[in-house]
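# Descriptive structure summary
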Amino acid sequence: MTEKKILIVSGTHGNELNPVWAVKKFRNLINRSPQSKNLEFILGNPKALEMGLRYIDVDLNRSFNVLKSASNQNFYEINRAEYLIKHYGLKGPKSCPMVIDLHTTTSCMGTSIVMYGRRQRDFCLAAILQAKFGLPIYLHEKDKNQTGFLVEEWPCGLVIEIGPVAQNHYDSEIIERFLIILDFLGDLIKNLENNSINLPSEISLFVHQKSIDYPRNENFEINALIHPSRINNDWTSIQESDPLFLNIHNETLAYKGKEKIYPLFIGEAAYREKNIAMSFTKKEILKCDQSWIS
């Protein structure tokens, strides 16, 4: 029987240095230890990493459901996504049933989990990590403008997102946070097979509702910035009339929704090109099913 492994991907975005360094350090620490047998490591976008860029042609983490066409067949990330699936997907020579994609953010997200859609295997893995480390979970779903994520191409997969940290900047504290999680993942398959992990009774989720852009003028130029009271307040609820933006005339633009929401990825630098200032979420409690472990 093929040995089950967790694929650990770092450098999916080439300007996120800390996951790459954490993996390099972790591999040195576990060299030839039993943990090393349970993990497979790969750089997601080595060419972008070498150049210090988020991507070369297109965002690799939006390229895993993109069909090749005459217009994109030479795009580096489209071909890289195809390579990763071919070699590490279920039918590949280095098949891994589970993937963890390591990322950093410029937003004040702390250490968190991002999952895409409502797959039971993902819920199981997220519940295990939340119970162990108390990490908040961002459930990203039903957003037709944001698709093609790496972890969706494996039977089970999550993103570990840590911030804030600037792009192309090393932060030893963030690297240590990744190392703690990697150490736990190194023993995860063995512990699952030995039935030594129990799920909590429930998990807490922040469920994606929509993303909003910066306010813009008639020329589509940004004319308001995120309000100072929102900066560094990811995961903090807001209600109707709470400030969202401060425009060029120093006027406050307030949240007009009737429901309490939780903004995330507030002011993420990489999302400005995607016309996203922040994403709105609602809190949800999900009961866990012990059968997920099997």
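Notes on the structure in this doc start here. Just so it is clear, the model here is predicted, and its values are computed rather than measured.

### Section: the sheet that holds strand β12 (residues 278–287)
Sheets are built from strands paired through backbone hydrogen bonds, the pairs being either parallel or antiparallel. With mixed pairing, nine strands are arranged side by side in an open sheet as β2-β1-β3-β6-β4-β5-β7-β12-β11. The open sheet has two free edges, formed respectively by β2 (39–43) and β11 (262–264), since each of these has just one partner strand. Ignoring which end each strand starts from, the neighbouring axes of this sheet average 30° apart. Packed on one face of the sheet, helix α4 (residues 120–133) meets β3 (98–104), β4 (110–116), β5 (137–140), β6 (156–163), β7 (202–212) and β12 and runs near 40° to β6.

### A word on α4
The terminal C-alpha atoms of α4 lie 20 Å apart, and with 14 residues this matches the ideal 20 Å at 1.5 Å per residue to within 8%. Inspection of α4 places Asp122, Phe123, Cys124, Leu125, Ala126, Ala127, Ile128, Leu129 and Gln130 among the buried residues, and these make up the whole buried set. At the C-terminal side of α4, glycine 134 shows a positive phi close to 70°.

### Regarding the side chain of histidine 208
As for its placement among the helices and strands, histidine 208 is situated in strand β7. In terms of polar contacts, histidine 208 uses its side chain to reach the side chain of tyrosine 138, at 2.7 Å. Here histidine 208 is in contact with Tyr138, Leu139, His140, Glu141, Asp143, Ser279, Phe280 and Thr281, once residues within four sequence places are set aside.

### Considerations on unusual backbone geometry
Only a minority of non-glycine residues have a phi that is not negative, and only a minority of peptide bonds are not trans. For the peptide bond that leads from glycine 163 to proline 164, omega is 10°, which places it in the cis range. One non-glycine residue with positive phi stands out, namely asparagine 195, at about 55°. Of note, asparagine 195 is situated in the loop between α6 (188–193) and β7. Asparagine 195 gets classed as exposed once you look at its relative accessible area, which sits at 62%. For asparagine 275, which is not glycine, the phi dihedral falls at a positive 60°. Considering the arrangement of structural elements, one finds asparagine 275 in the loop between β11 and β12. By relative accessible area, asparagine 275 is classed as partly exposed at 32%.

### Here we look at the pattern of salt bridges
As enumerated under the stated definition, the model contains 17 salt bridges in all. With its nearest N and O atoms 2.8 Å apart, the salt bridge here joins arginine 119 to aspartate 122. Taking relative accessible area as the criterion, arginine 119 reaches 25% and is therefore assigned partly exposed. In this structure aspartate 122 comes out as buried when scored by relative accessible area, which is 0%. One network of salt bridges, with partners in common, ties together Glu16, Arg54, Asp59, Arg62, Glu273 and Lys274.

### A word on the sheet that holds strand β8 (residues 224–226)
Spatially, β8-β9-β10 is the arrangement adopted by the three strands of the open sheet, whose pairing is antiparallel. Of all the strands in the sheet, the pair left with one neighbour each is β8 and β10 (252–254). Within this sheet the neighbouring strands show an average axis-to-axis angle of 35°, counted without direction. Summarising the sheet, strand β9 (residues 243–247) and β10 pair through three bridges and their orientation is antiparallel.

### A look at the side chain of threonine 105
Counting through the fold element by element, threonine 105 comes out in the loop between β3 and β4. Judged by its relative accessible area of 1%, threonine 105 is buried. There is a polar contact of 2.4 Å between the side chain of threonine 105 and the side chain of glutamate 268.

### Here we look at the packing of helix α1 (residues 17–29) against helix α5 (residues 172–186)
Contact pair α1 / α5: the axes reach a minimum separation of 9 Å and the direction vectors enclose 50°. Comparing the axis directions of α1 and α5 gives the class oblique. Like other packed secondary-structure pairs, α1 and α5 cross with a definite hand, here right-handed. Where α1 abuts α5, its residues Asn18, Pro19, Trp21, Ala22, Val23, Lys25 and Phe26 lie against Ile174, Ile175, Glu176, Phe178, Leu179, Leu182 and Asp183.

### Focus: the pairing of β7
A regular strand places its side chains on the two faces of the sheet in alternate fashion. Pairing between β5 and β7: two bridges, direction parallel. Its bridge partner lying in β7, tyrosine 138 is registered against phenylalanine 206. Taken together, the 10 bridges between β7 and β12 define a ladder with antiparallel strand orientation. If you follow isoleucine 212 over to β12, its bridge partner there is methionine 278.

Reading guide: rules and limits
Residues numbered from 1 in each chain as written. Predicted model: local features only at pLDDT ≥ 70, side-chain atom pairs only at ≥ 80, totals over all residues. Heavy atoms only, no water. Pairing = 2+ DSSP bridges. Helix = DSSP H or I, 4+ residues; strand = E, 2+ residues; numbered from the N terminus. Axes fitted to C-alpha atoms, helices over the stretch in contact; angles between N-to-C directions. Contact = heavy atoms within 4.5 Å. Expected span 1.5 Å × (residues − 1). Buried < 20%, exposed > 50% of the residue type's maximum accessible area, 1.4 Å probe, protein only. Polar contact = N/O pair within 3.5 Å; in protein donor to acceptor, adjacent residues only side chain to side chain. Salt bridge = Lys/Arg side-chain N within 4 Å of Asp/Glu carboxyl O. Parallel < 35°, antiparallel > 145°, perpendicular 65-115°, else oblique. Left-handed = near helix turned anticlockwise from the far one by under 90°.

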